[in-house]
Every structure is written in C-alpha cells, then in structure tokens.
Amino acid sequence: MANYSIKTDLQKLNGAFVTDIKGKTATKRCLCIPIEGSGLFLGEKGCYLNMTAIEMQNPQFNDTHCLKVSLDKEIYERLTEEQRAAQPIVGGLHELKRKPQAAVDLTTNQNPSYAATEDDLPF
C-alpha cells in the first residue's frame, strides 16, 4: 500500500482569509474560514472538510492528483457548468516513493554489529 503526500492551500476555500487576532498575552496570525459556504461542516466530534482527489491527465510538479472540495449532491446539482468548472483546486497529492536501502552483507567481518572472533561464542 502506498503512502501519499498531500498539500492543501486552505486560503483557497470560499471566504477564507488571514488576520491577526489579539489575545490576552499575544497577537497571533490566524487563518479564518467561515463554516457556511466554504465546504466545511460541523459534526459531532469536529469540523470537517470533504475533498476529492482527481487524477490529473498531465501531472505537474510531481503531483499526480488535484484536490477539490466535495460538495453535497444537492448543492452540486444546483451549480451551473460554469460554477462547477470554477471550483478552485485547493491542493495536490503524489505518492511518496521509498528510497532503496543498501543491502547489508552479513557474511563478512565488515559489519560492525558482529564481533570478529575465532569461534562463534563470545565467552
């Protein structure tokens, strides 16, 4: 089974913006995303964003798939073709390739995990 790297630009969600929010002890730079209209929804245990990975015909920048927000069927059916085509690509993903590991030769004394001894017992 493959592992994937996913990169998402949350500022591309509808209504998202970055602002500074001042707290009691510090001011922090925050990403604000309105729940309504952005594709986010509140569930019993969290705030969720459903996305779809669409395989790209001509992959770019190593990404094999682009990510788009999944809309509810009712909302999607109400969109015009222009509105559907205008849905932003919010990210991409590609498979993480494993680097080949060098083979370890266990038959020679070159391996530091084995002590070079005349017999096979250390005592």
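Structure: above.
None of these values were measured; they are calculated from a predicted model.

Student: It is not clear to me how the overall build of the protein should be interpreted in this structure. Could you clarify?
Tutor: A tally of helices and strands in the protein yields two helices and eight strands. Helices (α) and strands (β) of the protein occur, in sequence order from the N terminus, as β-β-β-β-β-β-β-α-α-β. Buried residues in the protein amount to 13% of all 123 residues. Restricting the contact set of the protein to residue pairs at least 6 apart, pairs at least 24 apart contribute 36%. Surface summary for the protein: the accessible area is close to 10900 Å², and the carbon and sulfur share equals 52%.

Student: Please explain the sheet that holds strand β6 (residues 51-60) as it appears in this structure.
Tutor: What links the strands of a sheet is backbone hydrogen bonding, and the strands pair in either a parallel or an antiparallel sense. One open sheet accounts for four strands, arranged β1-β8-β7-β6; its pairing is antiparallel. Across the chains shown, the open sheet's two edge strands, defined by having one partner strand only, are β1 (3-8) and β6. Pairwise comparison of adjacent strand axes, ignoring direction, gives a mean angle of 30° for this sheet. Bridge count for strand β7 (residues 63-69) against strand β8 (residues 89-96) is four bridges, and the pairing is antiparallel. Its bridge partner lying in β8, L67 is registered against G91.

Student: Mind showing me how you'd approach the nonpolar core here?
Tutor: Soluble, globular proteins show a tendency: their nonpolar side chains are buried together. The biggest cluster of nonpolar side chains holds six residues, and these are L13, A16, L67, V69, V90 and L93. Discounting chain neighbours no more than four positions away, the residues touching V69 are L13, S38, G39, L49, N50, M51 and V90.

Student: What exactly am I supposed to notice about a nonpolar patch on the surface here?
Tutor: A cluster of nonpolar residues, L10, V18 and L31, forms a patch on the protein surface that exposes about 200 Å² of accessible area. With respect to the element layout, L31 can be found in strand β3 (residues 27-32). By relative accessible area, which is 37% here, L31 ends up partly exposed.

Student: It is not clear to me how the layout of surface pockets should be interpreted in this structure. Could you clarify?
Tutor: Gaps left between atoms are located by rolling a probe of water-molecule size over the structure's atoms. Empty space within the largest pocket amounts to approximately 390 Å³. Along its surface, the largest pocket is lined by 19 residues, and G37, S38, G39, V69 and L71 are the ones closest to its centre.

Student: Help me understand the environment of Y76, please; the structure alone is not making it clear to me.
Tutor: Residue position: Y76 is located in helix α1 (residues 73-78). In this view, Y76 contacts L71 and R84; residues no more than four positions away in its chain are not counted.

Student: Any chance you could explain the side chain of K68 here in plain terms?
Tutor: Tracing the backbone shows K68 in strand β7. Put simply, K68 is tucked away with no salt bridge, and the nearest opposite charge, on E81, sits 10 Å away. Engagement of the side chain of K68 in a polar contact is seen with the backbone oxygen of Q87, the distance being 3.3 Å. Excluding residues that lie within four positions of it along the chain, K68 makes contacts with N50, M51, T52, I54, R84, A85, Q87, P88, I89 and V90.

Calculation notes
Residues numbered from 1 in each chain as written. Predicted model: local features only at pLDDT ≥ 70, side-chain atom pairs only at ≥ 80, totals over all residues. Heavy atoms only, no water. Helix = DSSP H or I, 4+ residues; strand = E, 2+ residues; numbered from the N terminus. Buried < 20%, exposed > 50% of the residue type's maximum accessible area, 1.4 Å probe, protein only. Contact = heavy atoms within 4.5 Å. Areas by Shrake-Rupley, 256 points an atom, 1.4 Å probe, with all protein chains shown as cover. Pairing = 2+ DSSP bridges. Axes fitted to C-alpha atoms, helices over the stretch in contact; angles between N-to-C directions. Core = buried A, V, L, I, M, F, W, Y, C linked by side-chain atoms within 4.5 Å. Patch = residues over 30% accessible without salt bridge, like charges linked within 9 Å, V, L, I, M, F, W, Y side chains within 5 Å. Salt bridge = Lys/Arg side-chain N within 4 Å of Asp/Glu carboxyl O. 1 Å grid on protein atoms, 1.4 Å probe; cavity = no way out; pocket = protein on both sides within 12 Å on 5 of 7 lines; lining within 4 Å. Points joined across faces, edges and corners; volume = space filled by probe spheres on them. Lys, Arg positive; Asp, Glu negative; His and termini not counted. Polar contact = N/O pair within 3.5 Å; in protein donor to acceptor, adjacent residues only side chain to side chain.

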